Structure formats: structure tokens, C-alpha cells
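Read off the chains here:
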Amino acid sequence: MTVTRFAPSPTGYLHIGGLRTALFSWLTAKHNNGKFLLRIEDTDMARNSEEAKDAILKAFEWVGMSYDGEVVYQSKRFDLYKKYIDQLLEEGKAYKCYMSKEELDALREEQMAKKERTRYDGRYRDFAGIPPEDVEPVVRIKAPQEGTISFVDGVKGEMNISASEVDDFVIARADGAPTYNFVVAIDDALMGLTDVIRGDDHLYNTPKQIVVYNALGFKIPKFYHVAMINNEQGKKLSKRDGATDVMEYKELGYLPEALLNFLVRLGWSYGDQEIFSIEEMIALFDPENINKSSSNYNLDKLLWLNAHYIKNKSNTELTELLKPFDVDIAKHDKMEMLLDATKERGKTLVELADQIKLILAAPVEYDEKAVKKAFKGEAKEILTDFIALLQTWEKPLHLPTDYHEVMEKIVADKEIGFGKIGMPLRVSLLGSMTGAGMDEVMAILGVDETIERIERAVATIA
RNA sequence: GGCCCCUUCGUCUAGCGGUUAGGAUCCAUGGUUUUCAUCCAUGUUACAGGAGUUCGAGUCUCCUAGGGGUCACCA
């Protein structure tokens, strides 16, 4: 059975790039009817935070990616790691290193001066003498001293790393706490991982982890190293480039399905297809098709996808989604009409909410440019006549088409173009030059409110 | 600096030895619309550079350039 995982360290919010690797892992598991596990990498007590962990879990909840079983916390598994450290020590596959920090620093400086790669020189690997008393030892694992460590990466292809690139790295700190590369290998093995999909930045951890797998006799999973997401300029994504925290997207009015659709197409594709429902992603995703090269974040595409998903949401769903954006129209008797008139005009829920607010609340001020363009010439006269026409209209005024008839009448009577009445009317009702169709707006407002708004506008025209 | 990875329209990408190098987004233009948006149509724009292999190279090899990753008792 396919088992994948996402293993964040709780040092901050869930990053957009992290969400993509999580998505790839999740899709791989779902596609194969396997399991997707979540593990919190909190071995570094000094840098962890409970809030960060909660924030990550919350982000997962928002996008709807569910994990199987219980969340695994590495901080609760120290006894287990200790057992393996002792085992390796006993088997002679690991050893205590009494090198002090000062000595290590000196070694590094020397290597850097000689422009060599900085690496531990293995001085305690076969140490049999009397250890210095004032140094708490770390435990180092014996890495192969010659040859190459090879593995097939599902994204990068065949990888061959020279043994000289991997030194006898620390698996237990002086205080006994295990280190990252050690516990990752153990947990991935014990949790039954078959496929490890993670960021490109872990590529060089892989040979180290393979050393651990081999020392402990664990089965090595398949690795996939996914390239980074850069900003539009191809540089590392930073907060200056817009939202990097997944939850910010929620606040900015993005739909999780749009964000996921956007992310899945960064580094992966299925022919020419752009729109993927969650079900389609699951059905079609294959990590073997992940691109080798890094991709750039592109807001235009996200916006386009978001608009697409908003347009295709039902009005009922939309009323719920709009609530956090100060628009509660669940009980509005013209709810359907309101959304039909606006849902194609907002690329985000924020924009959609703004459109609706424009209709719900009478304008307190009129857009300056709009006034200049619309409230001029015979506008005042036309609007006044329009009010009169509405007041004396004998047919029912309920539907947009009803109001359209009134518009047609005034256009015919006064022999003017639609624009002559449309523009001043729009500014009168919404205070702006753009927005929903007039017929719809009037039908939503009703005759009384419509007339009131026009009267108020007329009063401002000199 | 050592080691490793990457490079097709501005951006996301298709392509897997023979294509007028395709799609999407963006932008522009036109149509629809009382405005805006939607929608539809049309258009501009790409194989980083250089050698080779081959009858033929975006696709294979090498070199150069550019970009990125990594070298912790951090994850």
C-alpha cells in the first residue's frame, strides 16, 4: 500500500510551497488508495511553537486535505530514537565523538582556508584511547568512506553521491537529543512510508538518511524531490511578493479549490488541462510526472482560477462563503438575484463582497470621475423623468425584465441612447461607473428604494 | 569555493528524433452588453548560447553562460 507523509517543523505558518508538496503527497496517497500521514518534526525544542503547529493543522483543515491516523510528534518518540542510538553504538555502527565545539570550529576554519569542503574528519571513528573528561560526547554514525551512495529519485532521476560528500554526521547531540536526519529516516521507515515527496532542499539529506536506513536494515522508500516555487521574477519567494502564508489566501478571498488547482499546475501537468477538480487531481496525478525545474508564482493565473471557481459556486454556497467578508445575505429575499448579478464580477470573495455592498447600501458619496461623466447635460432632466415614469408605471415591477421595459420606454420617448439614461442611473444607484446590470439592481432594490436613490442623486446635481 | 540540480512565449506548461513548436494566463483588437464584468473570436510573443552525433535535434552528448539547492550538536 502506498504511504506518503507531510512532515513540517512547527516553526511558523504553513508556506504556500509547503502546501504544494503536501498536496503532491496527499494526491499520491489518494490516487493509490493509500495513506497520507502527518508528522510534526519538533526535535528542536528551542524553536518549536504550539501556535505554529496549530496554524499548520488549521491550514490543512481549510484546504480540505485530511490525514490518516493520528499526528505523529517526534518529541514524543525520544525513547524510541534512544533505543536505536544505543543499538548502533553497540553494533559499532556509530561511535562517540569527544571533539569539542572549539575543535570543530577550528577544523572548519582550516578547511575553509584551504577551500575544501567542510566535513568532520573522523578522528574518533576508531578511537580506543581514554576520552577527555570535560567533553560531553555526541554520537556520530559511520558513513561509508569510499564509493558512492546511489538512489533513483522519482523527479531528478538517478542520483550518485560520492561518499566523500557524506561525513560521519551527528545522530545524537551532546545532551542526548537525536538529530533530524536520524529521526526522519527512522520515522519514515517505522511509519511505513513507501514514497517520500519533499522539497528540493532535502536532496542532500537523502544520502545521509540512506546511511541510517542501511545501518538499521530498513527498507529505503522512493524519493521525489520537488523543485522550489519562486516569485514572478524567479527569485526566492518572500513576503514582499504577496501572500506566502496559506491562511492569508483565505483572508484575501480565495477559494481553497482555486488555490489547490493553482498549486497542482506548478510543476505538474496533464496535457493541456488547466481546470482540475479535487477528484480529477486524485484520478490523474502521478508523481513521476513532476517537473524537474522550478516554477514561478503567478498571481494572474491564481486570480483567473479563483474567478472561475466563484462563478461555478452555487448561490447557497456563496452566501456562506461571504459571511466572513461582512456580507450576510442568507435571509435576503433577493439573495439569488443579488448573486446572479454579481458573481461574475469578482475575482475574489473580497471583490464579490464589495460588489454586493454597493447594492445593499445606498451610496454615501458619488465617484468623482463618474459624476463628471454622468451627471451633466440633460442627465438631471432624464433622471427626473425616469422617476416620474416609475411612479406612474402601471405594470408590475418585480423582475429585471420589468425594469428593462421602463428603460426602453424612456429611451423611446426621449429618443436617446441607452447610455444617456444608463450612466446617470448607475451613478445614482451605486455611486460608481461600474458594477452589476441596472435592470438587476433595480429589481433587487425595489421601486421605492430605486426612486429614493435617484432623488437623492438628482438633488446633488447643480 | 566543492558537490548536485535546472534552463520552451512575460508567467504556468505540452512536446518524449521528423510538429506551420500546441494550450492556458497576461496583453492588444474585434463582437455581444445601457456601463463594467462575463462570454466568443482574432492577434503579438518562446526552444539561453556554442560545438558535436544524425539524412534530420526543443528532444541525444559535451562545453559555456545564467539561475537554484546544499555543505550544523536547524529542520
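Residues numbered from 1 in each chain as written. Chains lettered and ligands numbered in written order. Predicted model: local features only at pLDDT ≥ 70, side-chain atom pairs only at ≥ 80, totals over all residues. Heavy atoms only, no water.

A.B. asks: Could you give me a rundown of the nonpolar core, with the residues and numbers involved?
C.D. replies: If you look at the biggest cluster of nonpolar residues, it comprises 101 residues, and the most contacted ones within it are F386 and I421. Judged by nonpolar contacts, the second largest core, of 35 residues, contains V139, F182, M191 and A215. (Core = buried A, V, L, I, M, F, W, Y, C linked by side-chain atoms within 4.5 Å. Buried < 20%, exposed > 50% of the residue type's maximum accessible area, 1.4 Å probe, protein only.)

A.B. asks: Give me the sheet that holds strand 4 (residues 94-97): which residues, what numbers.
C.D. replies: Here three strands make up an open sheet; going across it, the order is 4-5-8 and the pairing antiparallel. Since the sheet does not close on itself, it has two edges, and those belong to strand 4 and strand 8 (170-172), each with one partner. On average, each strand axis in the sheet is tilted by 45° relative to the strand beside it, whichever way the strands run. Across two bridges, strand 5 (residues 138-141) lies against strand 8 in antiparallel orientation. Opposite R140, over in strand 8, you have V170 as the bridge partner. On the sheet, helix 3 (residues 78-90) packs against strand 4, strand 5 and strand 8 and is oriented at approximately 95° with respect to strand 4. (Pairing = 2+ DSSP bridges. Helix = DSSP H or I, 4+ residues; strand = E, 2+ residues; numbered from the N terminus. Axes fitted to C-alpha atoms, helices over the stretch in contact; angles between N-to-C directions. Contact = heavy atoms within 4.5 Å.)

A.B. asks: Tell me what's going on with the packing of aromatic side chains, and back it up with residues and numbers.
C.D. replies: Scanning the entire structure with this criterion turns up 13 aromatic pairs. Taking the centre distance of 5.6 Å and the plane angle of 85° together, the rings of F262 and Y297 count as edge-to-face. Of this pair, F262 sits in helix 8 (residues 256-264) while Y297 sits in the loop between strand 12 (295-296) and helix 10 (299-311), placing them 35 residues apart in sequence. As far as the burial class goes, F262 and Y297 line up, both buried. Aromatic ring contacts, followed pair by pair, group F24, W268, F276 and F285 into a single cluster. (Phe/Tyr/Trp six-rings, centres within 6.5 Å; stacked < 30°, edge-to-face > 60°.)

A.B. asks: Go over the protein's contact with RNA strand B with me, naming the residues and quoting the values.
C.D. replies: Lining the immediate environment of RNA strand B, one finds 58 residues, of which R173, G267, R345, F418 and R426 sit closest. Each atom of RNA strand B within 4 Å of the protein was classed as base or backbone; sugar and phosphate made up 69%. In the model, a phosphate oxygen of RNA strand B is placed 3.0 Å from a nitrogen or oxygen of the R108 side chain. A distance of 2.7 Å is found between a phosphate oxygen of RNA strand B and a backbone nitrogen or oxygen belonging to N296. (Near = heavy atom within 4 Å. Polar contact = N/O pair within 3.5 Å; in protein donor to acceptor, adjacent residues only side chain to side chain.)

A.B. asks: Outline the pairing of strand 9 (residues 195-199), listing residues and values.
C.D. replies: Of all five residues that make up strand 9, five are buried, and the element is covered over most of its length. Of the pairings in the sheet, the one linking strand 9 to strand 10 (residues 222-226) comprises five bridges and is parallel in character. Residue pairing across strands places G199 opposite V226, the latter belonging to strand 10. For the handedness criterion, the β-α-β arrangement of strand 9, helix 6 (residues 205-216) and strand 10 is classed as right-handed. (Right-handed = clockwise from strand over helix to strand, strands pointing away.)

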